[in-house]
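# Structural characterization, general
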Amino acid sequence: MCHRLIAPLVALLLVSSLSAQTPSTGSGQAGPAPIVYTLTFANAAHHVADVAVTFSGVPAGPLQARMSRSSPGRYALHEFSKNVYDVHAFDSKGKELTVTRPNPYQWDVAGHDGTVRMTYKVFGDLVDGTYLAIDPGHAHMNMPATLMWARKLEDRPSRLTFTPPAGSNWKVATQLFPTSDPWTYTAPNLQYLLDSPTELSDYKLREFTVKNPDGKSFAIRAAIHTDSPDSDIEAYASGVEKIVKEMVTVFGEYPQFDNGNYTFLADYLPTNGGDGMEHRNSTVVSGRGNVRNGLGTASHEFFHAWNVERIRPQGLEPFNYEEANLTDSLWVAEGFTQYYGSLIMGRAGLSDVKRSVAGMAGLATAVINGPGRQFRSPVEMSHLAPFTDAARSVDPTNFSTTFISYYTYGGAVALGLDLSLRDKTNGKVTLDDYMRALWNAHGKPAAKQPGLVAKPYSLTDLRDLLIEVSGDRAFAEDFYKRYMIGREVVDYARLFQRAGVLLRARNAGRAWIGDLRANQDSPSRISNLQAPGTPAYEAGLEQEDQITELDGKPVTSLQEIAGIVASHKPGETIAVTFKRRSGVVQTSKITLKEDPALEAVLVEESGGSLTADQKAFRDAWLGSKQR
Ligand SMILES: [Zn+2]
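These numbers come from a predicted model, not from an experiment.

Let us look at the overall build of the protein. When helices and strands are counted, the protein shows 17 helices and 31 strands. For 627 residues, the compact-globule estimate of 2.2 N^0.38 gives 25 Å, and the protein sits close to it at 28 Å. Taken over the C-alpha atoms alone, the protein extends approximately 85 × 65 × 60 Å along its principal axes. Counting across all 627 residues of the protein, residues that qualify as buried make up 53%. In the protein, once contacts between residues fewer than 6 apart in sequence are set aside, the share between residues at least 24 apart is 69%. Taken as a whole, the protein presents about 26600 Å² of accessible surface, with 51% of it coming from carbon and sulfur. Side chains of the protein carry 63 positive and 69 negative charges; the gap between the two charge centres is 3 Å.

Okay, here's the thing in structure tokens:
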């Protein structure tokens with residue numbers, strides 16, 4: 001009842017306090033006053049931006065201004081407040097207000113008159129998809145690393161005006177909404193604003209148009225900032241076009257890009273970090289090599305325009321900028337994207353069959369032999385993202401033996417599911433059908449506003465859609481239980497065989513001690529953690545142990561150790577003497593196993609011949625779907 005009485009009054013007050021500024025985001029409705037940002041780059045040579053932000057219509061009580069702790073698509077905390085300094089706050093009359101710090105990420109401003117204008121400097125010198133980079137060549141901005149925002153005003157639209165350094169040739173590339181002023185852009189809400197990386201530079205623009213079945217067309221743009229030769233820029237742009245036009249065949253249509261277009265923000269310069277970061281209507285793709293080598297990244301990132309930006313797992317929606325974000329499903333969001341990134345490179349003719357198959361087999365073998373599978377399922381690997389995705393810590397972890405990247409693990413699940421569906425239905429149902437079902441159920445339904453997703457999916461949604469798409473409840477439930485939430489692996493060797501690929505032991509019959517590595521200065525001291533289940537681990541050997549004697553012979557290097565192991569057969573037991581880091585000398589017995597290393601070879605390259613069935617299976621899997 002209170003709501004009913006108060007709501008119209010509040011709306012009236014807000015409207016009457018509005019200035020002439022209304023957000024030009026297309027709705028045409030008068031809403032609350034936008035948050036107004038100005039970003040000035042007079043200090044670009046020092047990697048510093050000067051930012052001013054005006055919050056008006058601020059509710060009573062202190063304004064709580066924040067820097068984000070996280071960034072969409074990156075799962076560790078990055079504490080963007082660390083590079084913010086010289087913070088000041090003023091009221092509507094220009095009177096300076098006191099700023100207090102309740103926590104490391106926040107600036108509280110009390111005693112305001114409904115308007116707070118804040119000014120600050122922010123430093124940034126890393127070009128990638130997560131941070132901020134400013135120099136005379138460009139301002140490469142990830143917004144969580146750049147913009148201060150305010151609690152309780154998350155639904156407000158914002159308006160940004162950029163002022164480039166005097167004499168620069170910069171122009172703007174962004175998914176933000178344009179206005180009649182080429183330096184001013186808007187966002188409908190905080191979720192969209194922080195999801196909108198922006199590049200100011202003298203980039204080269206390449207553009208093409210794509211069309212949906214309903215006749216609606218979209219511009220796909222590549223804003224390319226690089227010192228690579230023009231011929232490579234052209235090769236990149238044409239590769240991007242091939243990828244985009246092949247990828248849409250998986251889903252049957254392009255997403256409704258909110259601003260009518262999608263932008264690849266490509267940055268390839270010698271000091272850059274290598275990265276690819278997905279956003280709703282754009283992606284940041286960066287690296288230090290030639291732009292031409294960035295097509296694999298572009299392929300992965302464009303798949304995200306459907307998978308994760310719109311087919312979005314619960315836990316990421318809406319994205320929480322105050323905490324690390326946890327989801328069960330990065331093995332789908334990243335892993336299935338990893339699989340399709342490679343698959344589409346092959347289907348688009350940018351990678352040959354041999355390379356595609358090698359990549360697929362690499363996913364499978366890393367999971368088959370990955371020690372981490374003894375402890376964690378794909379779901380549990382996803383839970384580690386806040387500690388593994390560009391995360392920094394001082395204390396050691398044993399992730400090298402207990403973690404498998406959800407990119408790899410999820411890619412292997414996607415591969416296993418695609419081949420299993422093709423195998424059991426003779427190609428009538430494939431992973432493409434499953435992705436399309438996910439799209440229709442979870443990606444396509446329109447949300448209230450750009451930047452939001454209406455129907456994020458859960459693990460059980462994934463299972464239920466697999467039941468529907470496969471038309472086989474028993475198969476789907478078994479696959480879900482064993483390979484998605486469980487830690488088993490499909491029979492990749494049998495499934496690969498259907499496509500004329502042999503997955504076999506690389507060193508059949510050869511004895512193996514485990515994965516021992518050493519440093520040059522101490523060539524018989526183990527430098528890596530030993531994985532449970534390996535002969536070395538079972539014998540009690542661990543990182544920093546120095547092996548002094550094996551099979552009764554003194555040893556001083558890994559080569560000598562390898563030579564002794566090679567002279568034995570799997571199953572044989574040999575004595576080992578080693579010195580712990582404490583100085584204690586111990587002896588033990590190692591029971592050697594067969595080398596588990598696998599390799600994938602095309603049947604026609606290993607003395608066999610490809611049958612007609614195998615060729616048909618392989619072509620349907622790896623061939624172009626464009627008519
Ligand atoms: Zn990704």
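So, on to the sheet that holds strand β14 (residues 177–178). With respect to topology, eight strands assemble into an open sheet ordered β5-β4-β8-β2-β1-β12-β15-β14, the strand pairing being mixed. The outermost strands of the open sheet, each flanked by one partner alone, are β5 (96–97) and β14. The sheet contact formed by strand β1 (residues 35–40) and strand β2 (residues 48–56) spans five bridges and is antiparallel. Looking at the pairing, Val36 lines up with Thr54 of β2.

Turning next to the coordination of the zinc ion. Donor atoms from the polypeptide that bind the zinc ion are His300 (NE2), His304 (NE2) and Glu334 (OE), placed at 1.9 to 2.1 Å. Expressed as a motif, the donor residue spacing for the zinc ion is H-x3-H-x29-E. Of this pair, His300 sits in helix α4 (residues 295–303) while Glu334 sits in helix α5 (residues 330–347); the two residues are 34 residues apart in sequence, bridging distant segments of the chain. Residue His300 is classed as buried on the basis of its relative accessible area, which comes to 9%.

Here we take up the sheet that holds strand β10 (residues 138–141). Spatially, β9-β10-β16-β13 is the arrangement adopted by the four strands of the open sheet, whose pairing is antiparallel. Of all strands in the sheet, those bounded by a partner on one side alone are β9 (132–135) and β13 (171–174). Taking the axes of each pair of neighbouring strands and ignoring which way they run, one obtains an average angle of 10 degrees across the sheet. Bridge count between β9 and β10: four bridges; the pairing is antiparallel. Paired with Ile134 across the bridge in β10 is Ala139.

Of the consecutive residues Glu317 and Pro318, the connecting peptide bond is found in the cis state with omega at -10 degrees. Residue placement: Pro318 occurs in the loop between α4 and α5. You will see that Val308, though not glycine, has its phi angle at about 115 degrees, which is positive. Secondary-structure assignment places Val308 in the loop between α4 and α5. Under the relative-accessibility criterion, Val308 is labelled buried at 1%.

This part is about the packing of helix α3 (residues 230–251) against α5. Where α3 meets α5, the axes come as close as 9 Å, and the angle between the chain directions of the two elements is 115 degrees. Here α3 and α5 pass one another in a crossing that is right-handed. Facing Ile243, Glu246, Met247 and Val250 of α3, the residues of α5 in contact are Tyr340, Ile344, Met345 and Arg347. The residue makeup of the contact of α3 with α5, split by class, is six nonpolar, no polar and two charged.

Counting buried residues along α4, seven of its nine residues qualify, which places the element largely inside the surrounding structure. For α4, the full list of buried residues reads Leu295, Ala298, Ser299, His300, Glu301, Phe302 and Phe303.

Right, let's talk about the pattern of salt bridges for a bit. Applying the stated criterion across every chain, the model contains 34 salt bridges. In this structure, Asp113 and Lys93 form a salt bridge, with 3.6 Å as the shortest nitrogen-oxygen distance. One end of the pair, Asp113, is in the loop between β7 (106–109) and β8 (115–123); the other, Lys93, is in the loop between β4 (84–90) and β5, with 20 residues separating them in the sequence. Taking the relative accessible area as the measure of exposure, Asp113 reaches 33% and is therefore partly exposed. Since its relative accessible area comes to 71%, Lys93 is described here as exposed. Beyond isolated ion pairs, a larger network of salt bridges with shared partners links Arg66, Arg151 and Glu322.

Pairs of aromatic rings are described using the distance from one ring centre to the other and the angle between the two planes. According to the stated counting rule, one finds 26 aromatic pairs in the structure shown. With 5.3 Å between their ring centres and 45 degrees between their planes, Phe177 and Tyr192 make a pair best called tilted. One end of the pair, Phe177, is in strand β14; the other, Tyr192, is in helix α2 (residues 190–194), and 15 residues separate them in sequence. Assessed through its relative accessible area of 7%, Phe177 is described here as buried. A network of ring pairs unites the aromatic residues Phe218, Phe251, Tyr254, Phe257, Tyr262, Phe264, Phe302, Phe303, Trp306, Tyr339, Tyr340 and Trp439 as a single cluster. Above the face of the Tyr203 ring, Lys171 is positioned so that its terminal group lies 4.4 Å from the ring centre. Of note, Arg463 hangs over the ring of Tyr480, and the distance from its end group to the ring centre comes to 5.7 Å.

About the thresholds
- Residues numbered from 1 in each chain as written.
- Predicted model: local features only at pLDDT ≥ 70, side-chain atom pairs only at ≥ 80, totals over all residues.
- Heavy atoms only, no water.
- Helix = DSSP H or I, 4+ residues; strand = E, 2+ residues; numbered from the N terminus.
- Rg over C-alpha atoms; globule rule 2.2 N^0.38 Å.
- Buried < 20%, exposed > 50% of the residue type's maximum accessible area, 1.4 Å probe, protein only.
- Contact = heavy atoms within 4.5 Å.
- Areas by Shrake-Rupley, 256 points an atom, 1.4 Å probe, with all protein chains shown as cover.
- Lys, Arg positive; Asp, Glu negative; His and termini not counted.
- Charge placed at Lys NZ, Arg CZ, Asp CG, Glu CD.
- Pairing = 2+ DSSP bridges.
- Donors = N, O, S within 2.8 Å, 3.2 Å for Na, K, Ca; no water.
- Axes fitted to C-alpha atoms, helices over the stretch in contact; angles between N-to-C directions.
- Left-handed = near helix turned anticlockwise from the far one by under 90°.
- Nonpolar A, V, L, I, M, F, W, Y, C, P; charged D, E, K, R; others polar.
- Salt bridge = Lys/Arg side-chain N within 4 Å of Asp/Glu carboxyl O.
- Phe/Tyr/Trp six-rings, centres within 6.5 Å; stacked < 30°, edge-to-face > 60°.
- Lys NZ or Arg CZ within 6 Å of the ring centre and 35° of its normal.

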